Amino acid sequence: MANIAIFASGTGTNARKIIEYFKENANIHVSLVVSNKATAPVLALAEEHGIEQMVLSRRRFYETEELLESLKERDIRFIVLAGFLWLIPEYLVRAFGRRMVNIHPALLPKYGGKGMYGMHVHRAVKAAGEAVSGITIHYVNERYDEGGIVFQAACPIDPEDTPEDIARKVLQLEHQHFAPVVEELVRNLNE
Ligand code: GRF
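Residues numbered from 1 in each chain as written. Predicted model: local features only at pLDDT ≥ 70, side-chain atom pairs only at ≥ 80, totals over all residues. Heavy atoms only, no water.

## A short note on the overall build of the protein
When helices and strands are counted, the protein shows seven helices and seven strands. Listing each helix as α and each strand as β along the protein from the N terminus yields β-α-β-α-β-α-α-β-α-β-α-β-β-α. For 191 residues, the compact-globule estimate of 2.2 N^0.38 gives 16 Å, and the protein sits close to it at 16 Å. Projecting the C-alpha coordinates of the protein onto the three principal axes gives extents of approximately 50 × 35 × 35 Å. Expressed as a percentage of its 191 residues, the buried residues of the protein come to 50%. Taking the contacts inside the protein whose residues are at least 6 apart along the sequence as the reference set, 66% of them involve residues at least 24 apart. When the accessible area of the protein is evaluated, it comes to approximately 9300 Å², of which 51% is carbon and sulfur surface. (Helix = DSSP H or I, 4+ residues; strand = E, 2+ residues; numbered from the N terminus. Rg over C-alpha atoms; globule rule 2.2 N^0.38 Å. Buried < 20%, exposed > 50% of the residue type's maximum accessible area, 1.4 Å probe, protein only. Contact = heavy atoms within 4.5 Å. Areas by Shrake-Rupley, 256 points an atom, 1.4 Å probe, with all protein chains shown as cover.)

Put into structure tokens, the structure is as follows:
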């Protein structure tokens, strides 16, 4: 059995998909949801599913390595960042390496980096007149959106699509692909 932790700051629709996907899985278990916001809806979602929740303070995250201890105590094998907005500190990158992925709502290396999240991304894609956008699942390092790419999927953008339309198409791809890709990565760890 591999325990995974989901880190999320917001609504958690990806977290929901992942939790539901692994609900009946005998080998992979979502056992912890970590957020930097005590009011994040993703925490209520975790509660609803009987999953342990943890709220991080900036100080604890960046100035101590207590989180690492907590993850070790819970035997967390893999970390999934699903809309987690804080930059990951080096101690966590060092400890997890290829056992931690993020999802980004565009085709990296385009439209990534600091400040490129949520609707900022889709507005930039629209402003550039792109004909496609998509998702990128990538390993995590100490710089925003620069870790090695694991998986990408694309969707067409029609000229009349608004940034909101693009966001909808991209989110749909996230929901479709994120959990199966995580499953594959976690399965490969055991080989
Ligand atoms: C997703 O678009 C993801 O790509 C980004 O943050 C968003 C999270 O959405 N990193 P949700 O909270 O899972 O609905």
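Don't stop here, the text continues.
## What about the site of the ligand?
Around the ligand, the neighbouring residues are T11, G12, T13, N14, G83, I103, H104, P105 and E174. Contacts to the ligand include G12, whose backbone N or O atom sits 2.8 Å from an oxygen atom. Here an oxygen atom of the ligand sits 2.8 Å away from a polar atom, N or O, in the main chain of N14. In isolation the ligand offers 370 Å² of accessible surface; the protein chains occlude 80% of this area. Counting atoms within 2 Å of the grid points, the majority share of the ligand lands in the largest pocket. Mapped by element, the contributors of at least two residues to the shell around the ligand are α1 (13-22) and β5 (100-104). (Near = heavy atom within 4 Å. Polar contact = N/O pair within 3.5 Å; in protein donor to acceptor, adjacent residues only side chain to side chain. 1 Å grid on protein atoms, 1.4 Å probe; cavity = no way out; pocket = protein on both sides within 12 Å on 5 of 7 lines; lining within 4 Å. Sits in = over half its atoms within 2 Å of the grid points.)

## Details of the layout of surface pockets
What the largest pocket holds in volume is close to 900 Å³. It is helix α7 (residues 163-189) that provides the largest number of residues to the lining of the largest pocket, a total of five residues. Class assignment of the residues belonging to the lining of the largest pocket gives a composition of 18 nonpolar, 15 polar and six charged. (Points joined across faces, edges and corners; volume = space filled by probe spheres on them. Nonpolar A, V, L, I, M, F, W, Y, C, P; charged D, E, K, R; others polar.)

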